[in-house]
Amino acid sequence: MILLIAKKEVRELLRNNRFRLISITLLILLVFSMFISWNTHKKVLQEHQTAQNLAREQWENQGKKSAHSAAHYGTFAFKPIPTLSLIDNGLNKYLGVSIFLEAHRQNSASYKQITDQNDLARFADLSPAFVFIFLMPLLIILLGFNSFTTEKESGTLQLILSQGASKRKLVLGKTIGIWLALLLLLIPVFILGFCFIVFSDYGNGDLLRYGFILISLLLYYGIFIHLSIATSVWAKSSNFSLIILLSFWMISALLMPKLTADISKKTHRTPSPIVYQKNIKEELADGINGHDLSSKKAIAFKDSLLTKHNVSSIDKLPVNFYQLLMQAGEKHETTVYKNAMTQLNNIYIEQLKIHQLNAFISPTILMRMLSMQFANTDLQSHYNFTYQAEEYRGALISSLNNGPKGVVNTDFFKKNIKFEYQPITLSQTIEKNASNLMYLIIWWLLSGLLVILSVQKNKLK
Amino acid sequence: MIKLELKNIVRNPLVLILVLFLFVFILFASYSGKSRVDKQLEGIELVKTKENTFYTNHKNNLKFIENGTKEAPKRVFEDPTNPVAMGNYYGGTYLTVTPAPLSVISNGQSDIFPYYSKVNIGGTNAEKDNDNFENPMNIATGGFDLAFVFVFILPLLIIAFSYNILSSEREQGTLRLLLSMPINIKTWLLKKIMFRYFFLVLLISALLTLSLSIIGANFLNTSYLILLSSIVLYTLFWFGLAFLINLLNKSSSQNIILLLGTWLLFVLIIPSFVNILASSMYPSPSRVEYITSKRAIEKEFEKKEEAILQKFYEDNPSEKDKENDATDRFRTYWNKNFILLNEKNKFMDAFESKYENQSMNQREFANKLSWFSPAIIFQNTMNEIAETDTQHYLSFQNSTKTFQKEWTAYFYNKYKNHQKLTVEDFNNFPKQKNN
C-alpha cells in the first residue's frame, strides 16, 4: 500500500514539467561547479607542491652565514589543500595560504585569496556545497509543498481516505515518494563527486569524510522533507503552504546566517589590530630579549647561569652563554605570541558558539558548519596548520640557536628538519563536531515529530 | 480607486507584517553598519594617538635639547634631532581611510582590506601586518548590512507583495466579475502594480531616512539622493518583472515559483557565473608562487646592489665624496641605504604590478559583465557610495605609496644636508591630504 502510494507520487513528480526543469538546472549547476572546483583544485595543488619545494631549495641555498642570521632569513610553510575542498571550499578563500617562519616572532597566515579576486567572489560563490546546502532545499520545498494541499483542493483526498487508506500510510507513502524522486537526482551526483575524489590524490579517511558529508546532507534534506510534508498536511491551500516553506528557507539560509555573523561580532568583539600589536609589544618588553645583553633580565639570566655552574665569568661556562640567551629570548617571544593568538582564537571560538546556538533556528548554519568540518576547510583545520607551523618554527629556530658556532653552509641547512603537515584525523573531527551532528539529528527527529503531530491533529479530512 | 487600494493594503495583515519586518531589518542593518564604522573610527583614533604621543614626546625632548637643559640621547634611534631616527624605525605616520558619510550602508570589502597603513622611510604596510582580525567564518558569511537588505531581501518582499494580483482574483472567482467591467485588464493590473510600487518606494525612503537619523548618520548629501534613486530603479525592475509574470496568467503558486526562479537567477546564479567566467578568463595570481618568486627577486636585487651604487656614484660624483667623508656607522649605512631603498622600491613595484595587474584585469572584466544583473549593479553602487569597494581600498594603498615618497624625500633632504631637526620641523612633517 505504502509502496503503491510512493510509486504514484514518483510517477507524478517525474511527469511534472516544473520538477524536470528545476532538477535539470540543479544537475547542470552541480556538475558544472564540480568540474570548476576540480580544475582549481588540481592547479592549486600543483602550485603548492612547487612552492614548498622551491622554498626548501631557497632555504638550503641561502649561502654562508651564521645559524642565527639564517633564522632571521626564515622560510615558509604552505597550507596544504585538503582533497575535500573539491566539495566544500569552506573558509579557504578567506584564510591565508602561507606562514612566514622566522626568528623571534610568530606570523599569522598571510595572502588571502579573496583580496585578489573580483568583488563578486563574495557576492555568490558557486561551489558544490553551495548547491547542496542552499539550493537543494528549494527543490525539496517545490517537491513537497503541495503533496497534500492539491489533493485537498481537488477533493481527491477524501476519495483516497474513503477507499481505506490510512492517513499514516498515506503520509509515509508520500514521504517515500519524495525521497525516491530526490535520490534519483542525487545518487548520480554523489557518484560523480566520489569519482572526482577517487581520481584526485586522496588521503586516509577522505572517502569516509565524504561519506559523512553525504549522511549529514541526507539528514538535512530529511528535515526539509519533513517540514514540507507537515506544512502541506496542515495548510489549507497550496499557496499558503508554499509561502510558509519559502519563508522558512529564507530565514534558515539567508537571514539567520548573516544575522548571526553580526550578532557574534557584537557579543564577542575582536581587538583592533593596533591594540593587538601594542599588547604583544608590551609583553615582549617584559621579558628577555636575546639580542639585548645589557637589559636587566639578560643580566639576571647571566647571573643565575653563573651561580648554577659556580664560575665567575661567561667564558668559563661549560655551555655557550649567547646561544642560551638567544634561546631563552626565543622561548619568551614564543609564549607571548602564542598567548596573543590563543586569545584571538578563543574569541573566534566563542563567536562560532553563537553560530551553533542560532542553528536551533536555522539548520542551514548547522549543515554548513558540518560540511566544512568534514571537508577540513573550517577554522579548526586552519588552526591545526598554524599550530603545527609554529611547532615546526620552534624546533627549527632552536636547532639553529643550538647549532654550530660561526658560519654554516648548505650542508648544515640540508640537515635541518622539514615541515611535515599532519592533517586532522577523522576521529578528531568527529570528536569536535559530534555536537553539531547531534543537533542535526535532533532537528531531524523534531521535524519528524511535527509530521506525526500534523497527522494526528486530524487536519486531513 | 487609490483610496480603496490603500484601504486594502493597510487592512491586509500580511502587508503589516512585511512592513514591520522591513523596518526591523533596516534598523538592525543600520545599527550594525554603525557599529562597524565606529570600530573603524576607534581604530583610527588609536593609531593617530599613538603617532601623536610619539612625536609630542620627542618634540618636548627637542625643546630641552635646544635650550641646552638636556643632552641628545646616546642611542641614535631616540635622537629627536636626527631626521632618519624620526622618519624611520619607531617613527612614521599612519595614513587612514576615513569612512564616507554613508559608509554604514554597505560593509563591502571593509572586512578584508586594512583601513590604515604605517608609512615611514622603510616603506608602507598597507598590504600586510594590519589585518582586520575578523572571524573568517563571519567574513565568509557576510554581514547583515543595508546592501544585503536591499539587494537580497527587498526583491523577496516585492514578490510577496505582488505575485498574486491577478491570480488571486481568479482563484477567488472575482476575475469574471472584473472582466465583465468596461476596463482593460492590463491597465487595471498596471495601475495596481504602480500603486504598490509607489507605496513601497515611499515606505522604504521613509524607513531608511528614519533609521539613518536614529543612528545619527549624515545623509544630507548627494550620495543619499543617488542611493534613493538606485532603490527607486531597483524596485522598479522587480515590480516590472512581477507585472510581466502576472500577465502570464498562471496560478499563484506558479507565479511564486517563477518569480523566485528569476530572483535566484539575478541575485545568485548570474553573479556566480560572472565570477566563474572572470576568474577563469583572468585567474587570480597565485600567491604561493608570488611568495617564492619574491624571495628569488630580492636575492637578485642584493646581487645588483653593488652595481647600482657604482652607477649612482658615477652619475653623482659629489655623493661619492660624501660617502668617503662619512665617519660614523650610522651615516655610512644610510648613505647607501637611501640610494638602494629608492631603487629597491622601483624594482619591487615592477615585480608586484605583474600580480596586481592580473587581479585588476579580472575585476575589470567582472565589472563589464555586471550589466547582466541589476543586483550586481545595485550592490556595486552601494559599495561605491559607502566607499567600501575594492577600488577605493586599492587607491588608498596606491596613495600610501605616493605619500611614502613624499615622506622619505622630506627626511632625506634634511639628512643629506646634515641638518638637525628643529621644533619647527616637527610641525612641518608631510601630512596626509584629506581624501
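For the structure, see preceding data.
Below, the structure is looked at part by part.

About the cut-offs
- Residues numbered from 1 in each chain as written.
- Chains lettered and ligands numbered in written order.
- Predicted model: local features only at pLDDT ≥ 70, side-chain atom pairs only at ≥ 80, totals over all residues.
- Helix = DSSP H or I, 4+ residues; strand = E, 2+ residues; numbered from the N terminus.
- Contact = placed C-beta atoms within 7 Å.
- Nonpolar A, V, L, I, M, F, W, Y, C, P; charged D, E, K, R; others polar.
- Buried ≥ 20, exposed ≤ 12 C-beta atoms within 10 Å, placed from the backbone.
- Axes fitted to C-alpha atoms, helices over the stretch in contact; angles between N-to-C directions.
- Parallel < 35°, antiparallel > 145°, perpendicular 65-115°, else oblique.

What follows deals with the environment of Ile257(B). For Ile257(B), the location among the structural elements is in helix α10 (residues 252–281). Residues Ile257(B) and Tyr163(B), spaced 94 residues apart in sequence, show a C-alpha to C-alpha distance of 9.5 Å. With residues up to four places along the chain from it excluded, the contact list for Ile257(B) reads Arg18(A) and Leu142(A).

Below, the discussion takes up the interface of chain B and chain A. Contacts between the two partners involve 61 residues from chain B and, on the opposite side, 62 residues from chain A. Counting residues per element, the ones that place at least two in the side of chain B that touches chain A are α2 (13–67), α4 (136–141), α5 (146–162), α10, α11 (287–315), α13 (329–368) and α14 (374–386) of chain B. Per-element tally for the side of chain B that touches chain A: the top contributor is α10(B), with 13 residues. Looking at side-chain class alone, the side of chain B that touches chain A contains 26 nonpolar, 24 polar and eleven charged residues.

Turning to the environment of Asn255(B), a few remarks are in order. Residues and elements named next belong to chain B. Mapped onto the secondary structure, Asn255 falls in helix α10. A residue is classified by how many C-beta atoms lie within 10 Å of it, and Asn255, with 24 of them, is buried. Dropping the residues within four chain positions of it, Asn255 is found in contact with Tyr163, Asn164, Ser167, Ile245, Asn246 and Lys250.

Let us look at unusual backbone geometry. The phi angle of most residues is negative, glycine excepted, and most peptide bonds adopt the trans form. Residue and element names in this part refer to chain B. You will see that Tyr89, though not glycine, has its phi angle at about 50°, which is positive. Using a count of 15 C-beta atoms within 10 Å as the deciding quantity, one classes Tyr89 as partly exposed. Notably, Asn249 is not glycine yet its phi reads approximately 65°, a positive angle. Mapped onto the elements of the fold, Asn249 is located in the loop between α9 (222–247) and α10. C-beta crowding within 10 Å serves as the criterion here: with 13 such atoms nearby, Asn249 is assigned to the partly exposed category.

Now for the packing of helix α13 (residues 321–358) of chain A against helix α15 (residues 379–401) of chain A. Two packed helices can be described by the angle between their axes and the distance between those axes. Residue and element names in this part refer to chain A. Between α13 and α15, whose axes approach to 11 Å, the crossing angle comes to 175°. By the angle between their directions, the pair α13 and α15 is classed as roughly antiparallel. Contact residues: α13 offers Gln323, Met326, Gln327, Glu330, Thr334, Asn345, Tyr348 and Leu352, while α15 offers Leu379, Tyr383, Gly394, Ile397, Ser398 and Asn401. Split into classes, the residues belonging to the contact of α13 with α15 amount to six nonpolar, seven polar and one charged.

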